[in-house]
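Below are the chains, spelled out letter by letter.
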Amino acid sequence: MKTKVTEMFGIDVPIFAFNHCRDVVVEVSKAGGFGVLGASGYTPDELEQELRWIDDHVGGRPYGVDLLMPAKVQRDVAGERKFAIDQMISAEHKKFVNDILDQADIPPLPEDQRDEIMKELIRHVQVQPEDAEVLLDVAYQHPIKLVVSALGAPPKHQVERAHSMGIKVGALAGNLHHAMRHKEAGVDLVVAQGSEAGGHTGKITSMILWPELAEALDPIPVLATGGVGRGNQMAAALVMGAAGVWCGSIWLGTRESNYTPLEKEILFEARAEDTVQSSHVTGKPVRMVRSKMSDAWAQPGAPETLGTPRQLILMREPMARIERAGDRGRDYMNPIVGQVVEFMKKETTTRRVIEDMLVEFVQAVERLNDIVADHVEEV
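Note on numbering: residues in each chain are counted from 1, in written sequence order. For a predicted model such as this one, the threshold for reporting local features is a pLDDT of at least 70, and the threshold for listing and counting side-chain atom pairs is 80 or more; totals across whole chains, interfaces and linings nevertheless cover every residue. Each side-chain value is worked out from all heavy atoms of the structure, with water and hydrogens disregarded.

## Some details on the overall build of the protein
Turning to step 1, where the next piece is worked out: Put simply, DSSP H or I for four residues or longer makes a helix, DSSP E for two residues or longer makes a strand, and each gets a number counted from the N terminus. Scanning the protein from terminus to terminus reveals 15 helices and 11 strands.
Turning to step 2, where the next piece is worked out: What you see for the protein is a C-alpha radius of gyration of 21 Å, in line with the 21 Å of a compact globule of 379 residues.
Turning to step 3, where the next piece is worked out: Overall, the C-alpha framework of the protein stretches about 75 × 45 × 40 Å when taken along its three principal axes.
Turning to step 4, where the next piece is worked out: Classification of residues uses two cut-offs on accessible area relative to the type maximum, computed with a 1.4 Å probe and protein chains only: under 20% is buried, over 50% is exposed, and between them is partly exposed. Counting only residues that meet the buried cut, the protein has 54% of its 379 residues in that class.
Turning to step 5, where the next piece is worked out: Only heavy atoms enter the contact rule, under which two residues are in contact if any of them lie within 4.5 Å. For the protein, restricting intrachain contacts to residue pairs at least 6 apart in sequence, the fraction spanning at least 24 positions comes to 69%. The reference for a compact globule is 2.2 Å times residues^0.38; the radius of gyration itself is calculated from the C-alpha atoms.

## Description of the pairing of strand β8 (residues 222-225)
Turning to step 1, where the next piece is worked out: Burial of the side chains of β8 extends over both faces: Val222 and Ala224 are buried on one face and Leu223 and Thr225 on the other.
Turning to step 2, where the next piece is worked out: Paired strands are those between which DSSP finds at least two bridges. Inspection of the sheet shows strand β6 (residues 189-193) paired to β8 by 4 bridges, in the parallel sense. Note on β8: the bridge partner recorded for glutamine 193 is threonine 225.
Turning to step 3, where the next piece is worked out: Here 2 bridges tie β8 to strand β9 (residues 244-247), and the two strands are oriented parallel to one another. Bridge pairing in β9 places leucine 223 opposite glycine 244.

## A few points about the pairing of strand β11 (residues 286-289)
Turning to step 1, where the next piece is worked out: Alignment of strand β7 (residues 199-200) against β11, held across 2 bridges, turns out to be antiparallel. Within the sheet, the bridge partner assigned to glycine 199 lies in β11 and is arginine 287.
Turning to step 2, where the next piece is worked out: Pairing analysis gives 4 bridges linking strand β10 (residues 275-278) to β11, with the strands arranged antiparallel. Within the sheet, the bridge partner assigned to valine 276 lies in β11 and is methionine 288.

## Re the environment of glycine 241
Turning to step 1, where the next piece is worked out: Along the chain, glycine 241 turns up in the loop between α11 (231-239) and β9.
Turning to step 2, where the next piece is worked out: Residues glycine 241 and serine 206, 35 residues apart in the sequence, show an inter-C-alpha distance of 12 Å.

## Observations concerning the packing of aromatic side chains
Turning to step 1, where the next piece is worked out: The aromatic pairing rule takes the rings of Phe, Tyr and Trp, using the six-membered ring of Trp, and pairs them if the centres are within 6.5 Å, calling planes under 30 degrees apart stacked, those over 60 edge-to-face and the rest tilted. Counted according to the given criterion, the structure contains 5 aromatic pairs.
Turning to step 2, where the next piece is worked out: Relative to phenylalanine 34, the ring of phenylalanine 9 has its centre 4.8 Å away and its plane inclined at 55 degrees; by these criteria the two rings are tilted. On the criterion of sequence distance, the pair formed by phenylalanine 9 in helix α1 (residues 4-9) and phenylalanine 34 in strand β2 (residues 34-38) is long-range, its members being 25 residues apart. With respect to class, phenylalanine 9 is no different from phenylalanine 34; both count as buried.

## A word on the environment of serine 291
Turning to step 1, where the next piece is worked out: Secondary-structure assignment places serine 291 in the loop between β11 and α13 (292-298).
Turning to step 2, where the next piece is worked out: The exposure class of serine 291 is buried, given its relative accessible area of 5%.
Turning to step 3, where the next piece is worked out: Along the backbone, serine 291 and leucine 135 are 156 residues apart, and their C-alpha atoms lie at a distance of 32 Å.

Structure below.
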């Protein structure tokens, strides 16, 4: 396949895979696509280990990293940054989330270990601009070919720095305004993220957003995302002007995914209508599987969600409690996933996902060619 992005990166197929698991990144790149590691959430030392492992296993194939680079965040208060929980979060908010789990008989964290557990969890909250800077310092020590901003337009100095090293820069956009800000920053590609996508999303559906951004940004290539997990969807994206697709949710049910067996089980049982957009996990709208926790935050009388990073920090303890409770916490789990969960029914492999997508893509193109050929003959 030949598109602007396959030529830009020297890859065989225009399938970009976003995932926080290094195994998925490697498998996609080795299969001819382009793996992108979700680097936010890693400490610098952890990211160094992950990228070193990818370098050793990817066989010289290109890959990239994705980071949160929010333009506006609530700054941490003075004191031990991120760990000053009592200063940053109201007692009302902490009581609200803990009461939900107490009433469900989900055990609290061990009292003698709680402080250390919380410090370790909060240490992985990487959403401040300075966090991204440190992680990029690590990433630039490796042969990455792309860095993507998942939240906000990338700072111009980082775009210039990446370009000086021959590294391309991309950014996710949920509307035309965001996309034009990315263009002004000098990005090399834009990921048009429809509201069907998992994780942080906007409100515009893929069918509207993809062609709009493809036309507005030309000649900058656009990757289509939001509900993409099958080959016929990839064909539709290319027909609407995209140069490739960016897939995230579809890899979560694979053998290589770092989702737990219980989380995968929840995904395989979910339908598209079981996903919701909620701000209760990060403070920004995130598409996930609906649960009793997301329902509680949507009820009248629930406190307003805090901004980033406070909401992230607030939810670290209840999420740890839910995870530790195992099956008892199942109804309160919110696996992050898009509406493409509709097509995820059992565990498969990353390579099989790509193979199936390519077969379906060819079939979709052949159907379109037949339709066009029949019409031409009639004319």
